[in-house]
Each structure stands twice: as structure tokens, then as C-alpha cells.
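Architecture and fold: a report
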Amino acid sequence: MIKRIDRNVSITGNTDFSKIRLDKPVRIAAGALGVKEALKHGFKEMGVVRSLGTLLQMNQVGGFECPSCAWPDPEKSSKFAEYCENGAKALADEATTSKIDANFFAKNSVEELSQLTDFELNKFGRLTEPLVLMPDSIYYQPITWQKAYELVAQELSNLNEPDEAIFYTSGRSSNEAAFMYGMFARALGTNNMPDCSNMCHESSGVALSETLGIGKGSIKLEDLYKAEVVIVAGQNPGTNHPRMLSALEKCKANGGKIISINPLEESGLVNFKNPQHIEGWIGKPIDIADLHLRVRINQDIPLIKVIIKKLAALDQLDNSVFDHEFINQYTSGYDALMNDIENFKIDKLIVQTGVSEKSIDNAVSLLAKKSNIVVCWAMGLTQHKNGVETIREFINLLLLKGAIGKPNAGTCPVRGHSNVQGDRSVGIMHFVNQDLNARIKKHLGFTAPDKPGFDVVNAIKAMHDGRAKVFMCLGGNFLMAASDTKYTAEAIQNCRLTVQVSTKLNRSHLVTGKIALILPTYGRSEKDIKEGKERFITVENSMGRVRQSKGVLKPASNNLISEPDIIASIANAYFKGNHPVDWLKLGSDYDLMRDIIDKVVKGFDQTNKKSKGVGYYLPNNVRNLDFSMLPDGKAQITLNKLPNHQLKKDEYLLMTIRSHDQFNTTIYGLDDRYRGVYNERRVIFMNEEDMKERGFKKFDVLNITSLYDKIKRQAFNFKVIPYAIPKGDIASYYPETNILVPYNHFADRSYTPISKSVKVTLQKA
Ligand SMILES: Nc1nc2c(c(=O)[nH]1)N[C@H]1C(S)=C(S)[C@@H](COP(=O)(O)OP(=O)(O)OC[C@H]3O[C@@H](n4cnc5c(=O)[nH]c(N)nc54)[C@H](O)[C@@H]3O)O[C@H]1N2
Ligand SMILES: Nc1nc2c(c(=O)[nH]1)N[C@H]1C(S)=C(S)[C@@H](COP(=O)(O)OP(=O)(O)OC[C@H]3O[C@@H](n4cnc5c(=O)[nH]c(N)nc54)[C@H](O)[C@@H]3O)O[C@H]1N2
Ligand SMILES: [Mo]
């Protein structure tokens, strides 16, 4: 028997920093350079003809939805290019002509592969056939699909109870796949459905549900064009949602003002060129942000409190700043908030935010007389201990201004993965939804469990404690996405069986349970043909619109199976015909499945028909000012506490962020053009004065240490670089720094790991 040596759970090595190069940040985002860069990636990975032809069908009616972020397409879209540099990179990454098969895995053991970086692993290309790693082997071997299904079914049957199985979902799956998956987990008898939202916008979902009665945003894309003020808080759209910049540009052209709230001055919010306007190619770049509030990490609550206090003072003069009619009719909690803000001193709050009073006053005067206000946000608000409260504080501002439930105003949590919102809508959730369960009973004929399941944090704990034995992942890279890499690796390695339904190789295929399966599937851009029939899937964008998506490329291999078919076959192997649902039929006939989704999922309606063209919007109570599900039937103005980090001397708050050359754990390249860093990801962005105080020089190699509950976690060998970031704050890239984020520290009520405010110290290596 071959003995397994320790797998490398997270690359910490690479002390060869010889290639690192710094330059001025490229300040022109999304412009001609963006498109040039995009095509460069496409050509390299996919070939010239394939990439040009395919890009033209991305985000177009009849084509496929971009596999990158969830930013919506304009309703009237027929323009040449409705994609961005990073969408093109995502496509090139998925549609790459590089491939790996059983021969590759016969030559490369999991131990050897685990020594490579995530960047190198991804570069190998697409997975092309099902593979199994048996307990006595260090090599993946080919397995037939049928045997793979039977293996999963067998391991599920061996469990003492259904709750020993966990079903994770990443946000790229279609509504159809996610629906099948969620129904199968429930049919098996568990709600253990952690998903990437738990690490992402869960805080938004909780905050929005508590205050407005729906866990989604309220605006439509067109509202953004005509808003008077758009606040972009804790978000880096130039890199992560580049097409959003076109919407902000339209807003500005209509006279709107943009306020950015961010510890960093992110490219894209300043000096933006739009490749979709001919003048964008040659014209002068514009600053998207009219005002930048350089807030210290996690000091958004004090910042909004100062703004509210100052607006309240102005309102006292003539009652014209807050929308009192709206407040009286639609909200509860106004008086309590007005009393509460008396407890806070403006001067103290301002010091805490790190923003100058002058800038805050500018924000106040932009907001005072305007009521068509939109707040957009992403991970800079959600991934803190007080993530839910932070978002609620921004919602307070909108409610006071009556900027909710009317055109050109409202909430805009900018989603990450292209279908993360749809996955949740159709049933991927760890909590119990009684209404959904009743509909499942009625239309699918089985009883769904009514005990809550594990989210990401609890799933990790359960695996670590040995309470879970089978861990299946529909996409994603759980090991590298989750916090506390070492602890998570131990947890995963405790499982009997781990199953990865994937498109590309990543570390979650290398750090596994006793038995591991890789089940390769189609990417969004590929044709999904079954029995001669081309199928389409549906997705829901960040603003609640459901739309068809149909791949156009020949699949990476003839031996790929679609996600719904994989799940159906596992379900079929498990139930052996002994279940009210005909899984195989459901999995292969997406039209039939959509008819059933319409019945089982509230809000879905004639999806087969209505998802054509630009698609249709799901119902949204905020758009109709219906708060009947909330206490008193009203939107809730809330009281939120100040953050209290109590940093000791030489402690810093670390935010773990994305570079311009990655999609989450998929590393496309080693550059971050927009921040001026080339050929290296192991860097720490640090305030120059802080560096001086500590005697650090540019490129000094440092270790980062976090200490929570007496447990020391360390990430080794990072080069420090001076950067325009508030004193006391540092930034570094995710996922290299996940090893520092304690698994048991997360946002109150949403359980989202505190990836944007990790207390750390720095030591010379
Ligand atoms: N190209 C590309 N596109 C992507 C992704 C990708 O990796 N690559 N990921 C997708 C996914 S899943 C998601 S969730 C989104 C993520 O999109 P973002 O949330 O934009 O991604 P992050 O890099 O995490 O950036 C967080 C931003 O918040 C700021 N920030 C950090 N802490 C604070 C704070 O305390 N207060 C404020 N006001 N700001 C703060 C940071 O400076 C940074 O600008 O993007 C999606 N789109
Ligand atoms: N420290 C820190 N940690 C974070 C974050 C952070 O900001 N800081 N962000 C968090 C956030 S917002 C998120 S959303 C999570 C992301 O967590 P995940 O969604 O788990 O991770 P991804 O990197 O998006 O997953 C990439 C893998 O998905 C597979 N894949 C790609 N396309 C498809 C497809 O079409 N079908 C299938 N089946 N598989 C596919 C490929 O094999 C690829 O390697 O990470 C979280 N972790
Ligand atoms: Mo995300």
C-alpha cells in the first residue's frame, strides 16, 4: 500500500521575489487597454477565431450569460460588446483549449500537484473525464460515470443519518442545476446546503430581510442611470464589476453624483474610459467618483452616523431634508434612531472614521436635497463582525431620505458569482423555508426536512468534529474559499467521500476525503446537447431578472455531463426508483424542470416562455412598498452599535481583497495593473508612515500573524509595499491570506467570515 504523505494545503513557499515589479497604478480602467488586455487573454487561451466569435455572443439575446460576475445586461442590448476585460478573462479561462485527462493524473500524483500554486493548477486546463482517488492511492484514476454515481449513492446509503451529508454550491450553477441539487438534498433528508453566499453577501441578505423584508436589492439597472446620488461603498467595480462603470457613467451624464466610500482609491472610480463609446477609445478619461471618502477599515457605521447626524441637524431647520411623509407612512423606528444618535459625539465619530470633516460635509451637501439615492455595496461591507449592522446603517440613510420603493433609488448589493442569486431563489439555503417545503410536498410529493442545516462555518465545524462524512461540491473551491485554510483542510480530510463537480483543477481536488471523485461538467459557454436536443439554462442576475443562457462552443470533451444530469443520476442511483420524483426525467428535460420550478418556487412564472429575450423580473416587495411581512407592516429603521476593535500597538486590521487578475480562487495571472503590482501576489499594501514607524522598507519580506482565542495563525513571506491606505490598515490578497482568518469569527447573525477585518501583527521574515 502506498502511504499518503501530507498534502500541501496552502502554498506558503515562494521566497523568490526576483520578478516583482511596481509601477504607477494604471488609472484608466475598462478602457481601450481593458479590451486589448481581454483579447490578449482570449487569444492565448482559446485561439483568435474562437475567442472573437464567442465574445460576440456573450450577454446577448440568444447567446450565453457571462460566467464572471452577476452584473445585469441592459434591457435594450444589441450593442457590439456587452462584456468587459474580466468577463473576457473568465471566458478565456473556461474556454481554454488546454485540457487534462487520466494520463495527466497517472503521471502526476496528488502530492506532487499539491506543491504547485493555485495559478499553476488552474493553468493545466479543463478536466475532461470522471476520476476517482481511492484510499490506497496517490493517483487519480479513471472511473465510469455509472460507477461514480453508484459510489456516491453507496456512501450516502452508508450514513447513519442524512445530516452526515453536506452539499455545497458555488454561484456559477444554473437555476436548473441548483434546483435539482436542493431538491435532492431535501429528498435525502437534509438541509445541509452551505453555499458561497455564506462567505459573500449573506450579511446583505440578513440585513435586507430584517429591514425591508426581502434579502435582495431593490433597484433595476435603469434606476442607476437616473439616480441623483449613487454611493459605492466597499466595492471595487473597476476590477470586479467593470460593466457597472458604464452604468455609473450614464448616471453622471444625466447629472448624477457618485460618492465612493473605500479605504482605497480604486481605479475605475477615478479615471475611467468606456470602451463601448467611441469617444471612450480616444477621449479623455473621466473621474467616476465625484467624492471619495477614504474611510478606515470597518468604520462605515461611524461615518454614516456622522452623515445622519449632520442631515438631522439640517432637517431640524425646515423639515426638508428627511422625507417625513415616507417615514411616517412606511417606517418604524425613526424616533428611536433620533434619540440614539444623540449618544454619539460628532468629533469622536469623525476621528474614528479617519475621513476629514470637510469631505464628510461635502457628502452631506450632496445628499441633503436629493432623494433619488442608490447605495451599492459588496464585500467591503459584508465581511466584518458587524457586517449586518453596517448594511443596516446604510439602509437607515435610505429610509430617512425616502429613497426606497420608488424609481431611481434604493438598495444595490452587487452580487458576486453570476448566478449566486438564482441559486438561492430556487432553493439552495441552509435554513428552512416553510412555504417552499409546503410546495415541495404538494408538487413533488415528498416531505422536506424542517430542521435547519449547516452553512459554511457550521459545515466546516461538523466535518472537523466528525459529524459529517460525505461532502459534495457543485462547483467552487471550498478549501481555498473558506476561512482558516488549515482547519478547513483538516475538516475535509476527515470525510469518507468528497465529490467535486468541476470544470477546472483546483486545490479542493487535492486535499480530499478518504475517497475523492472529480466529476467534470460543462462551462456556461458550452453547448449542452442531450439526445440531439440543444438545451438552455436560466440564471438570475444581481437585480432579480431571470434570463436564458445557451452555450455556443463545442464542449471541452465528449465525456462531460451536465450538472442537472449528474445530480439526477446520483439521485436515481440512490433512490433506485423508490421515490415520488422521476429524477432521470427531470434532469434531462429542462423544460419540464422549469415548469416544476414555476410551481415549487414562489415568484417563478412561465419561465420557459418569459425567460426568452431579456427575460423577466421576479417579484420584489420593496418595489411595491409592501412591508407587510415585517413588524408593524413597516420598514425597519435600526439602531446599530459602533465597531470596537481595540487594536494594540503594532496591531493592524487586514482586509483580504481581490487582485485584477483573479476570479475568486482562480488566479488568471500575477499582475494587479490597477494597483501597479506586477509578477507577484504575496504582497502587503501598507501606509508609508506605518512602514516608517516600524522600520520597514519597500520589499522587506514579512510574516503576517493573527492571534484569536490563543491560536496563532501565520502566513509567511509577503513583500511589503507602500500604498495609499489609511494608517493602521493593511491589505493583502485572498486566498493566500485565508489561512489567517479564524473559522469561528464571523459576522453576527450571517456567519460570514471576517475576511475584511482580521487583526494581525507583522514580523520581519
Ligand atoms: N474579475 C473578478 N470579478 C469578480 C470576482 C473576482 O474575483 N474577479 N469575484 C466575484 C465575487 S464572488 C464577488 S463577491 C465580487 C466581489 O467584489 P468586491 O467586493 O469589489 O471585491 P473585493 O476585492 O473583496 O473588494 C472589496 C472592496 O471593499 C473595500 N473595503 C474593504 N474593507 C472595507 C471597509 O471596511 N469599508 C469600506 N467602505 N470598504 C472596504 C476594498 O478596498 C475593496 O475595494 O466580485 C465578483 N466579481
Ligand atoms: N479571505 C477571503 N475569503 C473569501 C473572500 C474574500 O473576499 N476574502 N470572498 C468569498 C466570496 S465573496 C466567495 S463568493 C467565495 C468563492 O468561493 P467558490 O465559489 O467556492 O470559489 P471559486 O473560486 O469561485 O470556484 C472556482 C472553481 O469553480 C469551478 N467552476 C468554475 N465554473 C464552473 C461551472 O460552470 N460549473 C462547475 N460545476 N464548476 C465550475 C472550477 O473548478 C474553479 O476552480 O470565496 C469567499 N472567500
Ligand atoms: Mo462572492
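Residues numbered from 1 in each chain as written. Chains lettered and ligands numbered in written order. Predicted model: local features only at pLDDT ≥ 70, side-chain atom pairs only at ≥ 80, totals over all residues. Heavy atoms only, no water.

A closer look at the overall build of the chain
Regarding its fold elements, the chain presents 30 helices and 30 strands. Over its C-alpha atoms the chain spans a radius of gyration of 25 Å, differing by no more than 12% from the 27 Å that the globule rule assigns to 765 residues. Referenced to the eigenvectors of the C-alpha coordinate spread, the extents of the chain come out at roughly 75 × 60 × 55 Å. Among the 765 residues that make up the chain, the fraction classed as buried is 65%. Summed over all atoms, the accessible surface of the chain reaches about 27,600 Å², with 52% contributed by carbon and sulfur. (Helix = DSSP H or I, 4+ residues; strand = E, 2+ residues; numbered from the N terminus. Rg over C-alpha atoms; globule rule 2.2 N^0.38 Å. Buried < 20%, exposed > 50% of the residue type's maximum accessible area, 1.4 Å probe, protein only. Areas by Shrake-Rupley, 256 points an atom, 1.4 Å probe, with all protein chains shown as cover.)

Quick word on the site of ligand 1
Neighbouring ligand 1 are 31 residues, the closest being N262, E266, N298, Q662 and N664. Take E266: an N or O atom from its side chain is 2.6 Å from an oxygen atom of ligand 1. In the model, an oxygen atom of ligand 1 is placed 3.4 Å from a nitrogen or oxygen of the G380 main chain. Within the complex, the protein chains bury 99% of what would otherwise be the 910 Å² of accessible surface of ligand 1. For the shell around ligand 1, the secondary-structure elements that each account for two or more residues are α11 (237-240), α19 (379-382), β22 (652-657) and β23 (662-663). (Near = heavy atom within 4 Å. Polar contact = N/O pair within 3.5 Å; in protein donor to acceptor, adjacent residues only side chain to side chain.)

Some remarks on the site of ligand 2
What surrounds ligand 2 is a group of 31 residues, the closest being Y168, S170, A481, E563 and T665. N477 is positioned with one of its backbone polar atoms (N or O) 3.0 Å from an oxygen atom of ligand 2. Bound to the protein, ligand 2 loses 96% of the 930 Å² it would expose on its own. Of the residues belonging to the shell around ligand 2, the class tally is ten nonpolar, 16 polar and five charged. (Nonpolar A, V, L, I, M, F, W, Y, C, P; charged D, E, K, R; others polar.)

Topic: the packing of aromatic side chains
All told, the structure shown has 19 aromatic pairs when counted by the stated rule. Ring geometry for Y487 against Y743: centres 3.7 Å apart, planes inclined by 5°, an arrangement best described as stacked. A residue pair is termed long-range when its members are at least 10 positions apart, and Y487 in helix α25 (residues 485-493) and Y743 in the loop between β29 (729-733) and β30 (758-764) qualify at 256 residues. Given a relative accessible area of 16%, Y743 falls into the buried group. Aromatic ring contacts, followed pair by pair, group F167, Y181, F184, Y574, F575 and W583 into a single cluster. (Phe/Tyr/Trp six-rings, centres within 6.5 Å; stacked < 30°, edge-to-face > 60°.)

Points about helix α23 (residues 456-464)
All of the buried residues along α23 are V456, V457, A459, I460, A462 and M463. The secondary structure elements touched by the buried residues of α23 are β6 (165-169), β13 (470-474), α24 (478-481) and α25. With its phi angle positive at about 80°, G466 sits one or two positions after the end of α23. (Contact = heavy atoms within 4.5 Å.)

Here's the deal with the packing of helix α14 (residues 300-318) against helix α20 (residues 387-400)
The geometry of α14 relative to α20 is characterised by a closest axis approach of 9 Å and an angle of 20° between their N-to-C directions. Comparing their axes, α20 and α14 come out roughly parallel. Between α14 and α20 lies a crossing whose hand is left-handed. The residues of α20 that touch α14, namely those facing D300, I301, I304, K305, I307, I308 and L311, are E389, T390, E393, F394, N396, L397 and L400. (Axes fitted to C-alpha atoms, helices over the stretch in contact; angles between N-to-C directions. Parallel < 35°, antiparallel > 145°, perpendicular 65-115°, else oblique. Left-handed = near helix turned anticlockwise from the far one by under 90°.)

Description of the confidence of the model for the chain
Averaged over every residue, the pLDDT of the chain is 92; residues scoring 70 or more account for 92%. In this model, residues 1-5 is a region of pLDDT below 50 whose contacts with residues beyond four sequence positions or in other chains number 14 contacts. Predicted confidence is poor over residues 278-282, with pLDDT under 50, and the contacts of this stretch with residues over four places away or in other chains come to seven contacts. (pLDDT = per-residue confidence, 0-100.)

Topic: the sheet that holds β6
With mixed pairing, six strands are arranged side by side in an open sheet as β5-β4-β15-β14-β13-β6. The sheet terminates laterally at β5 (141-142) and β6, the two strands that pair on one side only. Strand direction decides the pairing type here: strand β14 (residues 497-502) and strand β15 (residues 515-520), joined by six bridges, are parallel. By the bridge assignment, V499 is partnered in β15 with L517. (Pairing = 2+ DSSP bridges.)

Digging into the sheet that holds strand β11 (residues 373-377)
Strand order in this open sheet of five strands is β9-β8-β7-β11-β12, and the pairing throughout is parallel. Single-partner strands in this sheet number two, and they are β9 (291-293) and β12 (410-413). The average undirected angle you get between the axes of adjacent strands in this sheet is 15°. Looking at chain direction, strand β7 (residues 229-233) and strand β8 (residues 257-261) are connected through five bridges and run parallel. Counterpart to A233 in the pairing with β8 is I261.

Some details on the side chain of D223
When you line up the elements, D223 lands in helix α10 (residues 221-226). Put simply, D223 is tucked away with no salt bridge, and the nearest opposite charge, on R623, sits 5.7 Å away. Engagement of the side chain of D223 in a polar contact is seen with the backbone nitrogen of N408, the distance being 3.1 Å. Residues within four places of D223 in sequence aside, it is in contact with P407, N408 and A409. (Lys, Arg positive; Asp, Glu negative; His and termini not counted. Salt bridge = Lys/Arg side-chain N within 4 Å of Asp/Glu carboxyl O.)

Details of the side chain of N703
Relative to the helices and strands, N703 resides in strand β27 (residues 701-708). The class of N703 is buried, set by a relative accessible area of 12%. A distance of 2.9 Å separates a polar atom in the side chain of N703 from the backbone nitrogen of N717. Non-local contacts of N703, meaning those with residues more than four positions away in its chain, are made with Q714, A715, F716, N717, T761, L762, Q763 and A765.

Remarks on the environment of R682
Along the polypeptide, R682 turns up in the loop between β25 (677-678) and β26 (683-686). Exposure remark for R682: the relative accessible area of 5% places this residue in the buried category. Distance from R682 to V701, taken between C-alpha atoms, is 9.5 Å for residues 19 residues apart in sequence. Of note is the side chain of R682, whose polar atom sits 3.2 Å from the backbone oxygen of N717.

Quick look at empty space enclosed by the protein
Evaluation of the coordinates by the stated rule reveals six cavities of 30 Å³ or more. Together, N59, E65, C66, C69, A70, W71, P72, D73, R243, S418, V539 and N541 line the second largest cavity. Here the residues of the lining of the second largest cavity are counted per class, giving six nonpolar, three polar and three charged. (1 Å grid on protein atoms, 1.4 Å probe; cavity = no way out; pocket = protein on both sides within 12 Å on 5 of 7 lines; lining within 4 Å. Points joined across faces, edges and corners; volume = space filled by probe spheres on them.)

Some points on the pattern of salt bridges
Evaluation of the coordinates by the stated rule reveals 38 salt bridges. Between R424 and E202 there is a salt bridge; the shortest N-O distance is 2.8 Å. Of the two residues, R424 sits in helix α21 (residues 420-425) while E202 sits in helix α9 (residues 202-212), which places them 222 residues apart along the sequence. The residues R424 and E202 share a single accessibility class, namely buried. A salt bridge links D465 to R467; the shortest N-O distance between them is 2.9 Å. For R467, a relative accessible area of 39% puts it in the partly exposed group. Among the charged side chains, a salt-bridge network with shared partners connects E176, K533, D591 and R594.

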